[in-house]
Protein chains: 2
Amino acid sequence: MNEEAISTFRECNVNARFTPAGDEVRKVEPKVDFVYPAVPFPSKRIFGAMGEERIQEMVYHHHALLRKSAVGEMFPADNAAFEAAVLKTADFFIEATGGPSVFTSQYGHPALRERHFRFLIDERAREIWLMMYKKTLKEIAFPKEHLREFWSWIEPLSIRMINRRTGFEMPKRYPFETIAHEFGL
Amino acid sequence: MNEEAISTFRECNVNARFTPAGDEVRKVEPKVDFVYPAVPFPSKRIFGAMGEERIQEMVYHHHALLRKSAVGEMFPADNAAFEAAVLKTADFFIEATGGPSVFTSQYGHPALRERHFRFLIDERAREIWLMMYKKTLKEIAFPKEHLREFWSWIEPLSIRMINRRTGFEMPKRYPFETIAHEFGL
């Protein structure tokens, strides 16, 4: 896909000139909202380094932070339901990072964007999700040699869950280079 | 823009196969949500046939229907504020159909998508807006010779206001050919 060739809404603003109606119909070109960036899914190396239990702990840690965050109401208030949701998400992370098929064997294709439609996820909710992951990766001492690969996956992946737009801006990118120093890298 | 060359999310579903992690990172291609179709803005003919007062009446009629609809809460409950909102919208329709610059002289570029970000507009809200317009066009006896031009504008235009997605489907199209019979055309 030639991203440069695709028109987005970004140029719209109240200071632009509005073309008045003329003698004939005037066609305004097709547009897209924005291009959801490519997602580099991780290799098996992450599961190899972490194993099932540490991945579960990571996902639990992240969800505990999310629950206390501004998007906390998206998660079940009931503790048993919350734990079940965490385990389901952990199953996804286990499988996607190279572990056994514990997610797809139970639930089918992750279809992450589809499964998130019932939640209202705007650009800010995605930022919170991602920043809580950054905090998690620090707090659980995620293996440094695999940080770039993991982050470079979840950062664009999180953009794909956005289903409510509140502005024209492309969701902010956080390349690993911009956060590496926070991990002493 | 070559719409065929752009990948969308439409193929995602829980029955598809999920590629397991391998020895190396696996890149999933960029995608767009959907392509907002071209919008054929009307010529001056519509204002020529309708004039300022009938366009105001049309917009008022439409808004009275919207106010009683499932999206009624998006509009001001206060009557004076509601009338002011209707007049502002009417100014847009007057100018866009070939009348004087009554909108841009007061408010700048219509920037319709931008101005609608503060409202949560999903595919269903757009359908209601459009169906209430169809009802309006019947009830005010919009001039038949200009119906195709007007409808072919507002139908794709309404898609551009969508800022909340609840599914993968491209918003439903309603080409004039599919509604013409309702107007005896």
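Residues numbered from 1 in each chain as written. Chains lettered and ligands numbered in written order. Predicted model: local features only at pLDDT ≥ 70, side-chain atom pairs only at ≥ 80, totals over all residues. Heavy atoms only, no water.

Asks: I tried to follow the relation of the copies chain B and chain A on my own but got confused; where do I start?
Replies: The operation linking the two copies of the chain is a rotation about an axis combined with a translation along the axis. Structural alignment of chain B on chain A gives an RMSD of 0.0 Å, achieved by rotating through 180° and translating 0.0 Å along the axis. On this basis, the relationship between the two copies can be described by a two-fold rotation axis. For chain B, the minimum C-alpha distance to the rotation axis belongs to Arg164(B) and amounts to 2.2 Å. Comparing contact sets, 100% of the residues at the interface of chain B also lie at the interface in chain A, consistent with an isologous, same-surface contact. (Least-squares fit on C-alpha atoms with pLDDT ≥ 70 in both. Contact = heavy atoms within 4.5 Å.)

Asks: Help me out: how do you make sense of helix α2 (residues 79-96) of chain B in this one?
Replies: Because an α-helix completes one turn every 3.6 residues, residues spaced three or four positions apart along the sequence face the same direction. Residue and element names in this part refer to chain B. Helix length check: α2 (18 residues) gives 26 Å between terminal C-alpha atoms against 26 Å at 1.5 Å per residue, within 8%. For α2, the complete set of buried residues consists of Phe-82, Val-86, Ala-90, Asp-91, Phe-92, Phe-93, Ile-94, Glu-95 and Ala-96. In the core, the buried residues of α2 are packed alongside α1 (45-67), α3 (104-107), α4 (112-115), α5 (123-139) and α6 (147-159). Of the residues flanking the start of α2, the one acting as N-cap is Asp-78, its side-chain oxygen 3.3 Å from the backbone nitrogen of Ala-80. Phi turns positive, to about 115°, at Gly-98, one or two residues after α2. (Helix = DSSP H or I, 4+ residues; strand = E, 2+ residues; numbered from the N terminus. Expected span 1.5 Å × (residues − 1). Buried < 20%, exposed > 50% of the residue type's maximum accessible area, 1.4 Å probe, protein only. Polar contact = N/O pair within 3.5 Å; in protein donor to acceptor, adjacent residues only side chain to side chain.)

Asks: Can you help me understand the packing of α1(B) against α5(B) in this one?
Replies: Helices that pack against each other are described as a pair by the angle of their axes relative to one another and the distance between those axes. Residues and elements named next belong to chain B. Between α1 and α5, the least distance of the axes is 9 Å, while the angle of their chain directions is 130°. By the angle class used here, α1 and α5 are oblique. Seen from above, α1 lies across α5 with right-handed handedness. Contacts between α1 and α5 involve Met-58, Val-59, His-61, His-62, Leu-65 and Leu-66 from the former and Ile-128, Trp-129, Met-132, Tyr-133, Lys-135, Thr-136, Leu-137 and Glu-139 from the latter. Here the contact of α1 with α5 is composed, by residue class, of nine nonpolar, three polar and two charged. (Axes fitted to C-alpha atoms, helices over the stretch in contact; angles between N-to-C directions. Parallel < 35°, antiparallel > 145°, perpendicular 65-115°, else oblique. Left-handed = near helix turned anticlockwise from the far one by under 90°. Nonpolar A, V, L, I, M, F, W, Y, C, P; charged D, E, K, R; others polar.)

Asks: Any chance you could explain the interface of chain B and chain A here in plain terms?
Replies: Many analyses report the size of an interface as the accessible area lost when the parts associate. Taken together, the contacts link 63 residues of chain B with 63 residues of chain A. At the junction of chain B and chain A, the tally comes to six salt bridges. Between Asp23(A) and Lys44(B) there is a salt bridge, and its shortest N-O distance comes to 3.7 Å. Across the chain B-chain A interface, the total number found is 22 residue pairs in polar contact (both at pLDDT 80 or more). Secondary-structure elements contributing two or more residues to the side of chain B that touches chain A are β1 (26-28), β2 (35-36), β3 (39-41), α2, α3 and α4 of chain B. Across the side of chain B that touches chain A, the residue classes break down as 31 nonpolar, 12 polar and 20 charged. Pairing analysis gives three bridges linking strand β1 (residues 26-28) of chain A to β3(B), with the strands arranged antiparallel. Looking across to β3(B), one finds that Arg26(A) is bridged to Phe41(B). (Salt bridge = Lys/Arg side-chain N within 4 Å of Asp/Glu carboxyl O. Pairing = 2+ DSSP bridges.)

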